[in-house]
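# Remarks on the overall topology
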Amino acid sequence: MQGIAVRTGAFVLEVTGDSFAVAGWGDFGGQEGSWEHGAMLVDAHCHLTGSYLASDQVEATLARAKAHGVTGFIAVGTDLDDSRTVLDMARRMPGVQASLGVHPHEAKSWTPDVAAALEGLLRDPAVRFVGETGLDWHYDLSPREVQEEVFRAQIRLARAVAKPLMIHTRSAPEATLRVLEEEGASGVRGIIHCFSEDRAFAARALDLGFYLSFSGITTFKNAGAIRDVAAWAPSDRILVETDAPFLAPVPYRGKPNEPGFVRFTAEAVAELRGIPPAKLAQLTTQNLEALCGWAPSS
Ligand SMILES: [Zn+2]
């Protein structure tokens, strides 16, 4: 949730103006063949709103992703206003579905009126997940007790609308698992987004029926614990995401991230698991459908 300059076409020009990057983004390093045969990839968590991405750039950004086989996008809202914008996109844009909620950073904005309005949005068929919600004790942008109360409220909303959760957890692994267990979150399941914990955490999340979504961090060679879990996790519980515009994978580390870059993360996870990237794409798309009932049709 840190500020990132609004991207314009300049970023693309910057990338394509670099001869090395042309090979990387233009044809994915010559690996196009391994992605053929209809391997469709879904970005299980991205942000397409706010100051991150100018609204007139969204369609072009998604078109770039689709040109590289990334055909599904779970677009995530972080507060009530953002959730309204995300739902509007999900209703209009092919391949886009919504995850709506109040991020722990924004928990202080929660009121009974927000809860009621959010519940109304969550009942829309284009909404597939509730969140992102959870705990962030790294930035502490809302008081911890407020974060927990709002997290619990959204787990109850997920149960009320019978949709899975999109969980953000940072520097609060024990508390996150405790709240999920106490609120009976195994009844709705969900995604641990931008998975950044170790095997012990993963095992407890898997026991609760949750799926693990791996981000661009997985491409960082020094991300040992996360890469270990990405290699080890059950095949029917793994997903990949960008969390765009944050956390761009290698070879775009440090640049604004975009949904098409999920292919680099998918390649890294496939390599760690010793399977072809196309197989990883197939698995993760199937897994998303098993969890939320939706997969992109083309
Ligand atoms: Zn996010």
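Here's a quick rundown of the structure. Just so we're clear, the structure is a prediction, and the values are computed from it rather than from any experiment. Position labels on residues start from 1 in each chain and follow its written sequence. A pLDDT threshold of at least 70 governs which residues receive local features in this predicted model, and a stricter bar of 80 or more applies before side-chain atom pairs are shown or counted, although totals over entire chains, interfaces and linings include all residues.

### Observations regarding unusual backbone geometry
Note the threshold: Labels follow the DSSP assignment, with helices taken as runs of H or I lasting at least four residues and strands as runs of E lasting at least two, numbered in each case from the N terminus. Put plainly, a residue is buried at 20 or more neighbouring C-beta atoms within 10 Å of its own, exposed at 12 or fewer, and partly exposed in between, counting only other residues' C-beta atoms, which are placed from the backbone.
Residue Pro245 is reached from Ala244 by a cis peptide bond, and omega for that bond is 15°. Its place among the elements puts Pro245 in the loop between strand E8 (238-240) and helix H10 (262-273). Residue Pro251 is reached from Val250 by a cis peptide bond, and omega for that bond is 15°. When you line up the elements, Pro251 lands in the loop between E8 and H10. Although it is not a glycine, Ala162 adopts a positive phi angle of roughly 55°. With respect to the helices and strands, Ala162 occurs in the loop between helix H6 (144-161) and strand E5 (165-170). The phi angle at Asp243 is positive, at roughly 55°, despite the residue not being glycine. Along the chain, Asp243 falls in the loop between E8 and H10. Judged by local crowding, Asp243 falls into the buried class, with 24 C-beta atoms found within 10 Å.

### Re the environment of Ala223
Secondary-structure assignment places Ala223 in the loop between strand E7 (210-214) and helix H9 (224-232). Here the alpha-carbon distance between Ala223 and Ser196, two residues 27 residues apart in the chain, equals 8.9 Å.

### Brief notes about the environment of Ala268
The condition that has to hold: Residue pairs qualify as contacts under a 7 Å threshold applied to their C-beta atoms, which are placed from the backbone.
Considering the arrangement of structural elements, one finds Ala268 in helix H10. Separated by 49 residues in the primary sequence, Ala268 and Thr219 place their C-alpha atoms 5.7 Å from one another. Among all residues touching Ala268, those that are not within four sequence positions of it are Thr218 and Thr219.

### Here's the deal with the pairing of strand E2 (residues 70-76)
To be explicit about the condition: For two strands to be treated as a pair, DSSP must find no fewer than two bridges joining them. If you view a crossover with the strands going away from you and the path from the first strand over the helix to the second runs clockwise, you call it right-handed.
Buried residues dominate E2, accounting for seven of its seven residues. Direction of pairing for strand E1 (residues 41-46) relative to E2: parallel, over a ladder of four bridges. Bridge pairing links Val42 to Gly72 in E2. Once you follow E1 into helix H3 (residues 58-67) and on to E2, the crossover reads as right-handed. When E2 meets strand E3 (residues 96-100), the two strands line up parallel, connected through four bridges. The residue bridging Val76 from the neighbouring strand is Ser99, located in E3. Once you follow E2 into helix H4 (residues 80-92) and on to E3, the crossover reads as right-handed.

### What to know about the packing of H10 against helix H11 (residues 277-292)
Put simply, the test is: To get an axis, fit a line to the C-alpha atoms, keeping to the stretch in contact for a helix; angles then go from 0 to 180 degrees between the N-to-C directions. For classification purposes, an angle smaller than 35 degrees is called roughly parallel, one larger than 145 roughly antiparallel, one from 65 to 115 roughly perpendicular, and anything else oblique. Gly counts as polar in this scheme, as do all residues outside two lists: the nonpolar Ala, Val, Leu, Ile, Met, Phe, Trp, Tyr, Cys and Pro, and the charged Asp, Glu, Lys and Arg.
At a minimum axis separation of 8 Å, H10 and H11 run at an interaxial angle of 105°. Relative to H11, the element H10 is oriented roughly perpendicular. Of the residues in H11, those in contact with Ala266, Glu267, Val269 and Ala270 of H10 are Pro277, Lys279, Leu280 and Ala281. Residues of the contact of H10 with H11, tallied by class, amount to six nonpolar, no polar and two charged.

### What about the environment of Ala107?
Of note, Ala107 is situated in the loop between E3 and helix H5 (112-122). In this structure the C-alpha to C-alpha distance between Ala107 and Gly134, which are 27 residues apart in sequence, comes to 9.4 Å. With residues near it in sequence (within four places) discarded, Ala107 still touches Val102, Ser142, Val146, Gln147 and Val150.

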